[in-house]
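# Observations on the model geometry
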Amino acid sequence: MFLWRIMKDDRGGQILLALLALAIVLVPILNSLPTDSALHLPTYTVTLIGKYLTLALLAVAVDLVWGYLGILTLGHGAFFALGGYAMGMYLMRQIGDRGVYGNPKLPDFMVFLNWQELPWFWQGFDQFWFAAIMVMLAPGILAFVFGALAFRSRVSGVYLSIITQALTFALMLAFYRNEMGFGGNNGLTDFKDLLGFNLQSDSTRIGLFIASALALAFAYLLCRYLMQSRLGRVCVAVRDAESRARFMGYRVENVKLWIFTISAMIAGVAGALYVPQVGIINPNEFSPLNSIEVVVWVAVGGRATLYGAVVGALVINYAKSYFTAELPDVWLFALGGLFVLVTLLLPRGITGLLRSREAVS
Amino acid sequence: MNLQSTLAEVRDRDHVFSFLQPRHAPELDVGKNVLLYLEGISVSFDGFKAIDDLNLYIDDGELRCIIGPNGAGKTTMMDIITGKTRPDTGAAWFGQTINLLEMDEPAIAQAGIGRKFQKPTVFEFLTVFENLELAMAGDRAVLKILRARLNGEQRDRLDEVLELIGLKALPQMRAGSLSHGQKQWLEIGMLLMQQPRLLLVDEPVAGMTHQEMDRTAELLSSLAGRHSVVVVEHDMDFVRNLAGRDRTVTVLHQGSVLAEGRMDQVQNNRKVVEVYLGE
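Residues numbered from 1 in each chain as written. Chains lettered and ligands numbered in written order. Predicted model: local features only at pLDDT ≥ 70, side-chain atom pairs only at ≥ 80, totals over all residues.

## Focus on the overall build of chain B
Secondary structure summary: chain B contains eleven helices and ten strands in total. Relative to the globule expectation of 19 Å for 279 residues, the C-alpha radius of gyration of chain B, 21 Å, shows essentially globular dimensions. Principal-axis analysis of the C-alpha atoms gives chain B an extent of 70 × 55 × 35 Å. Considering chain B as a whole, with its 279 residues, one finds that 41% of them fall into the buried category. A sequence separation of at least 24 residues applies to 67% of the contacts in chain B between residues at least 6 apart. (Helix = DSSP H or I, 4+ residues; strand = E, 2+ residues; numbered from the N terminus. Rg over C-alpha atoms; globule rule 2.2 N^0.38 Å. Buried ≥ 20, exposed ≤ 12 C-beta atoms within 10 Å, placed from the backbone. Contact = placed C-beta atoms within 7 Å.)

So this is what it looks like as structure tokens:
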């Protein structure tokens, strides 16, 4: 009943959740078909889709703050990467003595750097529950502190975008340093297993796919719940006329702070699910370009719809995989061209096109 | 509080530290029948004195019209009252207990001061109904608004205001698609939902037809008594209509009060005629 109440006016969301449910059921079945069957879905493709779903989750997080609250964040990749690192640290500890140097406690790169003991911030990451908490807590705390400073001093608009960009850039530079203790520019990789399941096995990969789909569905419902409440309408009010909301008695900075923090935590979860599926996390994930690309996904899919962000992330990442494999020289032109076309012809994104069709008929 | 006094306080073991004591918002006290005190307020922007030693008192339940030529400091005065601008010197009190200069915009709004902007500012993407809903008086904490639902009484209040502002037929219309006059009315309606003790209304009839102007004057007059209303307006006919015979009109000029009194007194004031009405 509760679910129905928050979803009843959201056609796009209903379709999205139905498709996710269908994928959760269908993908394992198609994957288990014999390899010579026409409907067989290779595990490689399953993992690829799983990766797309985590990127879609990141896009939903960005849409929450950009679409509804008007904060053009160009640094959400930082929260994504932090979540990814938290998961990577757990996966590193899981390797145990199976590493190249066979040290039961220290990850390979620390042995290589001649470190004698585990740094304090690596403690606890041998426990999954601890890592799972840190996946959300680390980005959450960073977003909370950053947001408290930025929103309280009323930094907004393009200035805020620039600071978010600086935030992720600074983190990238920091994580490149070996002294930070996160593996320097090689990052964390060579993972073996997750909760005791071998990461290379088909069933683990299916499991990660299902976890990604569930996380996306759950985060979607959470965001929809937030945005269909009066808080969501206050967000839209803040986006469109911030000072009016303030003169009405709303503490704009608190609204922004909470939504921004929740969004960062969702991005962290996305990163944590992304890492075991691609098998590596390195400082490149903090690259400012990544964060900007997410904004492009959301714009292409359609702002302030949530499901538009999912559509945008899936379409562009599929296109990216396709073009980089088939026409590697064209990919960047295609991305640029797509963005120009969408901005000129479809200011409300792909889903905006579908919605206006619906409104006409 | 500076560092030194904080340290002195920490060393004093006999009292609870003042920063640990819960802060109570003082209750509004209008025992002297004056709702708003502005005393000796000055503010300058880059050397230009927008407000210069302004003194203004608004009685509880009064309707006050403020007129003045462009640049007289009317909007800056409202900015100061609502916390958007900090004056360089002077005092601003709401009733006898609430010091406006220590509060920010949301706190002042919640204390009971509502403001209507010169240019109608409504939330264009939201419907008329949602605009009024957001304006409704109530707890504004993030968790509270996340769980807030309209109850019957609030719904009745919303319908009442919708009726009053003449938008009863269009509650589901996007506010952005309303006409200019309707937006003005919607914003007045939002002020009413806020149920402020003091309404600051900046040029409410800009862009309205004569008919709409009359209705607005009627509405504002009917609000006086329960609320105090301060109207800043250029349109002399409207002010004459609104002030009637016995209401006070204040003339601002170069950031301070030039004259104050009934409309006919003010109109015949020589200084006023020179700077404003003489044209």
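More follows now that the structure is in view.
## Description of the overall build of chain A
Secondary structure assignment for chain A yields 15 helices and four strands. At 21 Å, chain A has a C-alpha radius of gyration in line with the 21 Å of a compact globule built from 361 residues. Over its C-alpha atoms, taken along the principal directions, chain A stretches across nearly 65 × 55 × 50 Å. Across chain A, the fraction of contacts at a sequence separation of at least 24, relative to all contacts at a separation of at least 6, is 77%.

## Some thoughts on the nonpolar core
Residues and elements named next belong to chain A. By size, the foremost hydrophobic cluster in this structure holds 176 residues, and its most contacted members are Ala56, Leu57, Ala59 and Val60. Per-element tally for this core: the top contributor is helix α11 (residues 252-278), with 16 residues. The residues touching Val60, leaving out its near neighbours within four places in the chain, are Ala219, Tyr220, Cys223, Ile266, Leu306, Ala309 and Val310. (Core = buried A, V, L, I, M, F, W, Y, C linked by C-beta atoms within 7 Å.)

## A few points about unusual backbone geometry
Residue and element names in this part refer to chain B. In this structure, Asp46 takes a positive phi of about 50° despite not being glycine. Checked against the element boundaries, Asp46 lands in the loop between β1 (34-45) and β2 (48-59). Exposure remark for Asp46: the 5 C-beta atoms within 10 Å place this residue in the exposed category. In this structure, Asp53 takes a positive phi of about 50° despite not being glycine. Within the element layout of this structure, Asp53 appears in strand β2. Residue Asp53 is classed as partly exposed on the basis of its 14 C-beta neighbours within 10 Å.

## Remarks on the interface of chain A and chain B
Listed by partner, the interface residues are 20 residues for chain A and 21 residues for chain B. Breaking the side of chain A that touches chain B down by element, the ones donating at least two residues are α9 (230-240), α10 (242-247) and α11 of chain A. By residue number, the principal contributor to the side of chain A that touches chain B is α9 of chain A, which donates seven residues. Residues belonging to the side of chain A that touches chain B are distributed by class as follows: eleven nonpolar, three polar and six charged. (Nonpolar A, V, L, I, M, F, W, Y, C, P; charged D, E, K, R; others polar.)

## Notes on the pairing of strand β6 (residues 113-116) of chain B
All names here are of chain B. A two-sided burial pattern is seen for β6, the buried positions comprising Ile113 and Arg115 on one face and Gly114 and Lys116 on the other. Bridge analysis of β6 against strand β7 (residues 198-202) gives four bridges, and the strand direction is parallel. Bridge pairing in β7 links Lys116 to Val201. (Pairing = 2+ DSSP bridges.)

## Section: the packing of helix α12 (residues 288-301) of chain A against helix α13 (residues 307-326) of chain A
All names here are of chain A. Packing of α12 against α13 leaves a shortest axis separation of 7 Å and a crossing angle of 115°. Between α12 and α13, the angle falls in the class roughly perpendicular. The chirality of how α12 crosses α13 is right-handed. Within the contact between the two elements, α12 uses Val296, Trp297, Val298, Val300 and Gly301 and α13 uses Gly308, Ala309, Val310, Val311, Gly312, Ala313, Val315 and Ile316. Residues of the contact of α12 with α13, tallied by class, amount to ten nonpolar, three polar and no charged. (Axes fitted to C-alpha atoms, helices over the stretch in contact; angles between N-to-C directions. Parallel < 35°, antiparallel > 145°, perpendicular 65-115°, else oblique. Left-handed = near helix turned anticlockwise from the far one by under 90°.)

## Points about helix α8 (residues 210-223) of chain B
Each turn of an α-helix holds 3.6 residues, which means side chains three or four residues apart point in the same direction. All names here are of chain B. The end-to-end C-alpha distance of α8 is 20 Å, a good match for the 20 Å that 14 residues give at a rise of 1.5 Å each. Those residues of α8 not exposed but buried are Thr216, Ala217 and Leu220. Projected down its long axis, α8 carries its buried residues within an arc of 100°, all on one side. Across α8 from its buried face, at more than 90 degrees, point the exposed residues Gln211, Glu218 and Ser222. (Expected span 1.5 Å × (residues − 1). Arc of directions from axis to C-beta.)

## Here we look at the sheet that holds strand β10 (residues 256-262) of chain B
Strands pair in a sheet through their backbones, by hydrogen bonds, and they do so in one of two ways: parallel or antiparallel. Residue and element names in this part refer to chain B. Taking strand neighbours across the sheet as the criterion, the six strands line up as β6-β7-β8-β3-β9-β10 in an open arrangement whose pairing is mixed. Bordering the open sheet on either side are β6 and β10, each of which pairs with just one other strand. Taking the axes of each pair of neighbouring strands and ignoring which way they run, one obtains an average angle of 20° across the sheet. Bridge count between strand β3 (residues 63-67) and strand β8 (residues 228-232): four bridges; the pairing is parallel. Note that in β8 the partner of Cys65 across the bridge is Val231. In the packing of helix α2 (residues 74-81) onto the sheet, the strands contacted are β3, β6, β7, β8 and β9 (248-253), and the crossing angle to β7 comes to about 150°. Seen against the sheet, helix α9 (residues 236-243) touches β3, β8 and β9 and runs at an angle of roughly 155° to β3.

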